[in-house]
Amino acid sequence: MSNPVAESGSGPKKHVPFVPESMEMKEFTLRAVLLGLLMTIVLGAANAYLGLRAGITIAATYPAAVIAMAAMRAWKGSLLEENIARTAGSIGESVAAGAIFTLPAFLLAKAWPSFRFADAYWKSTSLIMVGSILGVLFISLVRRGMVEDPELPFPESLAASEIHKAGQRGAQAAKYLFWNIGIGGVVYILGKFGLFSADTDLHVGVGSLGRTQVRLGTAGSTHIVPTGGTTVFAAPSVSPAYLGVGYIIGLRLASIQFAGSVLAWGLMVPLMMFFLGPQLRAYIPSDTPDNWATMADAVWRYIVRPIAVGGMLVGAAYTLFRMRASLTAGIGKAFADLRQTADQQAQVARTERYMSSKTVFSLIAVMFVLMCLLYIRISGLLWPAILAAVVMILVGFFFATVSGNLVGFIGSSNNPISGLTLSTLLIAALLMVALGVSGGPGVAAVLGVAAVVCVSSAVAGELLQDFKVGYILGGTPQKIQAAELIAVVVASLVMYFPLMLLHEGSIKAGGVGFGGAELPAPQAGLMATLAMGIVGHDMPWPLVVVGIFFGFALIMMQVKSPMLVAVGMYLPFGTTFAIFMGGVIRSVGDWVANRHGFNSAQKARVENAGVLVASGLIAGEALLGLVWAGLQFVPSWGAPNHPPQIFNDPSYLVGGMIVLAGLAALMIFLPVSAAGDPSEPAPPTAMM
């Protein structure tokens, strides 16, 4: 990430940022902020569309970094101006994620009469804005300990910083980045145009329906349970972005996450399908046998995922327990800063200056008062609303910190914000039930807490990622915070409009809006279902409790990150499989480098080139993914035979596997070719 220089002999290494702390450089300028605000609106809107349609968002950090670099180089701007523009430009994706995961739930749960301007704009904007500002404030309290933690690889922060640094190093470094941005984008778009299939499901029989059975007793016992069915496994997604993330985080972390998916799809889903098969078969039309895949997905979504949520609750608590020293130090530093005088603050190094703790705590107090008023307005309740605001402050800080930790491990693209929000929703719903609150007001209060925590956690994770990029590049934390606060306010004011246009446009076209085939909004639908289920005393608590005990078992087995295992259970199998393949590719590349007998300097050059290649692939897919999302707004894009398909039935086993093998070869042999002469001095390594 940066050049770690030993302070003395074999003593501790001191972080040296790319731009030295003694150097004064243009950073927080009007053009940088305005460019960032434009990007945060555009990238946020595109991600809102993707999230409502497919339940996923694409990290905006990479496209924002590339756009900022190109614009600032044309305007002869500085590296730190690029960083401010990217920081402000990328936060819209997090605000969009928090909005699409929760705001449609108010409508689906009938807590709001409609999503028109008069019924929803100010409520939506207030919830998003309060959550966004709190996310910035919460992570500001613990930033120092987490950013400087050597155990957190921050894969996407590393990738973003390499994009910025590549523009400063000349053609040799930029070559690996920009050529692979093109390759990643071309591969993604060719998959969309049907040259190959990026995903496929493999149907596997577990027993034989009608013939397989389990005898509950000794031989000859008549206690027999009919079993048998079909389950599904997903092949790794042919995704340059997922492979790049796996390459950057390495095989160890990728394996831990993939282990959760293996437990879900290799143990739990097949076991359920084996025993539930005869019952599920009654729900499958006789002429569509492939609907076993739909049933397997339903088993995963509504049985395994609640278990994963229970595991996440334990994993989140365990993550905070393990981070107690750094968190305590960070919070202690925040309180100590309250006693600093203006002269003392002026003597702090530029790269250590951030918003004063007095300002942070004062703003948190203001946000708490606003939350109380907001929850009273939404629910029509007084004391339950105030108690909900207290819970939100406590749980919001808890999950904002956990979100930051997860971003440090797996990046914001794979941050399970919806899982953290579900955990919050469970806590808030139990609180409402304990207070005897039910019906529409209780559901509204629960969803209000979930919405603020969801946006807060998403923004906190993204901001910590931006802090890490600034730490690597030598940015001023105080200016990064200011840029983020301006950006989240602007994003909050406009985020309602793309959601409203999509919802109302779907209704005018004959659809139903949120929850329909065009805008399924899966996370929001699940939030609405759970909120109504818990407040209505209809919740599968045994599954959540099973997940809690599963989380304790992982801790007792000394699993490095129980949270990552639970996240792996929660994410689609094809996604974690592709990330795992990226880690495998990284290990194969290291093995090839060792086989060539490279010295430490050559291995450092191979490592740097590999990170640039992976960063380029991630940025390429992200950029073209957003372009593809924008094309969906073109009216003719949805016409028959449009967009044109190269193959009507593209193949995964032929086309997809060839592309996957080609990407693997690129990620292995291109970095190896950058080893250079063994006599050349070692460069700074990309990884800490």
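Please read these numbers as outputs of a predicted model, since none were measured by experiment.

Engineer: Kindly report on the overall build of the protein, identifying the contributing residues and their values.
Structural biologist: On a plain count of helices and strands, the protein comes out with 22 helices and six strands. Relative to all contacts within the protein whose residues are 6 or more apart in sequence, the contacts with residues 24 or more apart total 83%. Total accessible area computed for the protein in this model is approximately 27,000 Å², and 66% of it derives from carbon and sulfur atoms.

Engineer: Go over the confidence of the model for the protein, please, and point to the residues and values.
Structural biologist: Per-chain confidence: the protein averages 82 in pLDDT, with 86% of residues scoring 70 or above. Averaged over each element, pLDDT in the protein is lowest for strand β1 (residues 5-6) (42) and highest for helix α22 (residues 652-672) (94). Low pLDDT, under 50, characterises residues 1-11; the stretch is placed with 30 contacts to residues that sit more than four places away or in other chains.

Engineer: Give a detailed account of the packing of helix α7 (residues 240-280) against α22, specifying residues and quantitative values.
Structural biologist: Orientation of α7 relative to α22, taken along the N-to-C sense of each, is 40 degrees, at an axis distance of 11 Å. Compared by their axis directions, α7 and α22 come out oblique. Note on packing geometry: the crossing formed by α7 with α22 is right-handed. Two secondary-structure elements touch here, α7 through P240, L243, G244 and Y247 and α22 through L660, L663, M667 and P671. Classifying every residue of the contact of α7 with α22 by side-chain character gives seven nonpolar, one polar and no charged.

Engineer: Break down the nonpolar core for me, with residues and values.
Structural biologist: Ranked by size, the top nonpolar core spans 209 residues in total, and within it F115, L127, L134 and Y375 carry the most contacts. It is helix α14 (residues 439-473) that provides the largest number of residues to this core, a total of 19 residues. Contact partners of L134, with chain neighbours within four places excluded, come to I364, M367, M371, M392, I393, V452 and S456.

Engineer: Which residues make up the packing of helix α12 (residues 383-410) against helix α19 (residues 562-570), and what values go with them?
Structural biologist: Where α12 contacts α19, the axes come no closer than 11 Å and their chain directions differ by 80 degrees. Between α12 and α19, the crossing angle belongs to the class labelled roughly perpendicular. Of the residues in α19, those touching α12 at V402, L406 and I410 are M563, L564 and V567. Here the contact of α12 with α19 is composed, by residue class, of six nonpolar, no polar and no charged.

Engineer: Give me the lowdown on the side chain of T87, citing residues and values where you can.
Structural biologist: Note on placement: T87 falls in helix α3 (residues 79-108). A relative accessible area of 0% places T87 in the buried class. Polar side-chain contacts of T87 include one of 2.8 Å to the backbone oxygen of N83. Aside from chain neighbours lying at most four places away, what touches T87 is D466, I480 and E484.

Engineer: Requested: an account of the side chain of T61, with residues and values cited.
Structural biologist: Along the chain, the position of T61 falls in helix α2 (residues 61-74). Exposure remark for T61: the relative accessible area of 0% places this residue in the buried category. The residues touching T61, leaving out its near neighbours within four places in the chain, are R86, S90, A160, E462 and Q465.

Engineer: Run through the packing of aromatic side chains, naming residues and quoting values.
Structural biologist: Enumeration according to the criterion identifies 20 aromatic pairs in this entry. Taken together, the ring pairs connect F106, W112, F115, F117, Y121, W122, Y496, F497 and F514 into an aromatic cluster. Over the ring of Y570 we find R305, and its NZ or CZ is 3.9 Å from the ring centre.

Engineer: Describe in detail a nonpolar patch on the surface, supporting the description with residues and values.
Structural biologist: Residues V366, V369, L370 and L373 make up a contiguous nonpolar surface patch of roughly 340 Å² in combined accessible area. Here L373 lies in helix α11 (residues 357-379). The class for L373 is exposed, based on a relative accessible area of 54%.

Engineer: Hey, could you go over unusual backbone geometry for me, with residue numbers and the actual values?
Structural biologist: For K76, which is not glycine, the phi torsion reads 60 degrees and is therefore positive. The exposed category is assigned to K76, whose relative accessible area is 73%. Even without glycine at this site, K110 takes up a positive phi of about 65 degrees. Mapping K110 onto the fold places it in the loop between α3 and α4 (117-147). Given the relative accessible area of 71%, K110 is considered exposed.

Calculation criteria
Residues numbered from 1 in each chain as written. Predicted model: local features only at pLDDT ≥ 70, side-chain atom pairs only at ≥ 80, totals over all residues. Heavy atoms only, no water. Helix = DSSP H or I, 4+ residues; strand = E, 2+ residues; numbered from the N terminus. Contact = heavy atoms within 4.5 Å. Areas by Shrake-Rupley, 256 points an atom, 1.4 Å probe, with all protein chains shown as cover. pLDDT = per-residue confidence, 0-100. Axes fitted to C-alpha atoms, helices over the stretch in contact; angles between N-to-C directions. Parallel < 35°, antiparallel > 145°, perpendicular 65-115°, else oblique. Left-handed = near helix turned anticlockwise from the far one by under 90°. Nonpolar A, V, L, I, M, F, W, Y, C, P; charged D, E, K, R; others polar. Core = buried A, V, L, I, M, F, W, Y, C linked by side-chain atoms within 4.5 Å. Buried < 20%, exposed > 50% of the residue type's maximum accessible area, 1.4 Å probe, protein only. Polar contact = N/O pair within 3.5 Å; in protein donor to acceptor, adjacent residues only side chain to side chain. Phe/Tyr/Trp six-rings, centres within 6.5 Å; stacked < 30°, edge-to-face > 60°. Lys NZ or Arg CZ within 6 Å of the ring centre and 35° of its normal. Patch = residues over 30% accessible without salt bridge, like charges linked within 9 Å, V, L, I, M, F, W, Y side chains within 5 Å. Salt bridge = Lys/Arg side-chain N within 4 Å of Asp/Glu carboxyl O.

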